[in-house]
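# Breakdown of the fold
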Amino acid sequence: MSVEKVLFLSVSAGAGHVRAADALQYCAAEDFPGLRTLHLDVMQYVPMTFRKVYTDAYIKLVSNHPAMWAMLYEKTSHADPTAPAQRLRRSIERLNVRPLLGAIADFAPDAIVCTHFLPAEVLMHEIHRGRLKTPVWVQVTDFDLHGMWVMPHMRGYFAASPEIARRMQRAGIAHDCIHITGIPVMPAFGKARDTAECARAFGLDPQRRIVLLMGGGAGMGGLDEVAAELTTIEHDFQLVVLAGRNAQALTALQALATQRPGRIFPLGFTDQVHTLMGCADLVITKPGGLSTSECLASGLPMILNAPIPGQEERNADYLLEEGAALKAVDTLALTWRLDQLLSDATRLEAMRQRARAIGRPHAARDVLHAVLAEA
């Protein structure tokens, strides 16, 4: 059977799952002309109450109660999928996403790629009941494998690294169903750029070092306080701070920038992160799977700022082991590590080379090749 239509399913619990699906859809349009695609966010097909619990509660939990999230992350990863509590959870999810099944039927895809485990779990049940014949693929979006990503009846899995592929095998996924592709990012992150031109596009001096501080799509992380501390370092550098959609953080950063002209450059949400990465010397970021994959694709060394327990800690472990990043557990550690890196150009360049070595800028294309090859 030839594949003419591919459906991408994401969940807007954090921005990463959506960005991965966006990258896949963009790559499909660029590299596979004639292929029809559709990207659906599952949260657009559920009741408001379910959406609030699933997305808002998650953000509040990881932001305000990281220790509780760590316990929940481990407990759910090792939970027996046949246990009554897990079966009840899946039943509640299925009841709340019924409109999604109608949207899938209307598009009638030849293949489905899920960038979150929720739609994969729902479709697993449909396949088991004989109500869905379409092959379903799962793209894991972290350098870790949580147990909830592993389920039967999937056509294939895409792993971020060889270690995750090994974990998939250990979890019972057949070797020939596993593809080591990396995590899909927009192609722009892997393109070589004129650093001076990128800097000037944002009013930056290309002759001075540029440090990019990212707080994620929600702008979490006390960015104004962190920025104030970082600019106490004696090194001459420009600090570009992305506040995302956090208007309060952006206002605080703008006030701080007026006190330290030429040092702090605050920005709200932007779709030009790839351009900023094209002129940055290093990035300070939360270690989300998508954010760090974008840095790797851009060949950028990272300082990982206060990773939350669970998937961010696992992502951080991988990047530290590979030599592409350092980790800071608090603001004091962050300022110390930035000071050290800006003082050691050789070490900074070595980290840049390691980032390039493990980056997978063509992950989206490789995922689509695998899906289309097995049609």
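Look up a bit, the structure's there.
Only a predicted model underlies this, so the values are computations on that prediction, with no experimental measurement involved. (Residues numbered from 1 in each chain as written. Predicted model: local features only at pLDDT ≥ 70, side-chain atom pairs only at ≥ 80, totals over all residues. Heavy atoms only, no water.)

### Re the overall build of the protein
The helix and strand tally for the protein stands at 16 helices and 12 strands. Scaling as 2.2 N^0.38, a compact globule of 375 residues should have a C-alpha radius of gyration of about 21 Å, and the protein matches this with 21 Å. Once the C-alpha set of the protein is aligned to its principal axes, its extents read approximately 65 × 45 × 35 Å. Contacts in the protein between residues far apart in sequence, at least 24 positions, make up 67% of those at least 6 positions apart. Within the protein, one finds 37 positive and 39 negative side-chain charges whose respective centroids are separated by 5 Å. (Helix = DSSP H or I, 4+ residues; strand = E, 2+ residues; numbered from the N terminus. Rg over C-alpha atoms; globule rule 2.2 N^0.38 Å. Contact = heavy atoms within 4.5 Å. Lys, Arg positive; Asp, Glu negative; His and termini not counted. Charge placed at Lys NZ, Arg CZ, Asp CG, Glu CD.)

### Details of the packing of aromatic side chains
Applying the stated criterion to the full structure yields 4 aromatic pairs. With centroids separated by 5.8 Å and ring planes inclined at 80°, the aromatic side chains of Phe 117 and Trp 149 adopt a geometry described as edge-to-face. Pair noted here: Phe 117 is in helix 6 (residues 117-128) and Trp 149 is in the loop between strand 4 (136-139) and strand 5 (156-159), with a separation of 32 residues, a long-range link. For Trp 149, a relative accessible area of 5% corresponds to the buried category. Considering the side-chain rings of Phe 143 and Tyr 318, the 4.6 Å spacing of their centres and the 15° angle between planes classify their relative orientation as stacked. A residue pair is termed long-range when its members are at least 10 positions apart, and Phe 143 in the loop between strand 4 and strand 5 and Tyr 318 in helix 13 (residues 311-321) qualify at 175 residues. Each member of the pair Phe 143 and Tyr 318 is classed as buried. Seen from the ring of Phe 107, Lys 5 lies directly overhead, with NZ or CZ sitting 5.2 Å from the centre. Positioned above the aromatic ring of Phe 237 is the side chain of Arg 263, whose terminal nitrogen or guanidinium carbon lies 4.7 Å from the ring centre. (Phe/Tyr/Trp six-rings, centres within 6.5 Å; stacked < 30°, edge-to-face > 60°. Buried < 20%, exposed > 50% of the residue type's maximum accessible area, 1.4 Å probe, protein only. Lys NZ or Arg CZ within 6 Å of the ring centre and 35° of its normal.)

### Side note on the nonpolar core
Residues Leu 9 and Met 168 are the most contacted members of the largest nonpolar core, which totals 40 residues. Mapped onto this core, the elements with two or more residues apiece are strand 1 (5-10), helix 2 (48-64), helix 5 (98-107), strand 3 (111-114), helix 6, strand 4, strand 5 and helix 7 (162-170). The greatest single-element share of this core, amounting to 6 residues, is contributed by helix 6. Residues in contact with Met 168, not counting those within four places in the same chain, are Val 140, Leu 145, Tyr 157, Phe 158, Ala 159, Ile 173 and Ile 178. (Core = buried A, V, L, I, M, F, W, Y, C linked by side-chain atoms within 4.5 Å.)

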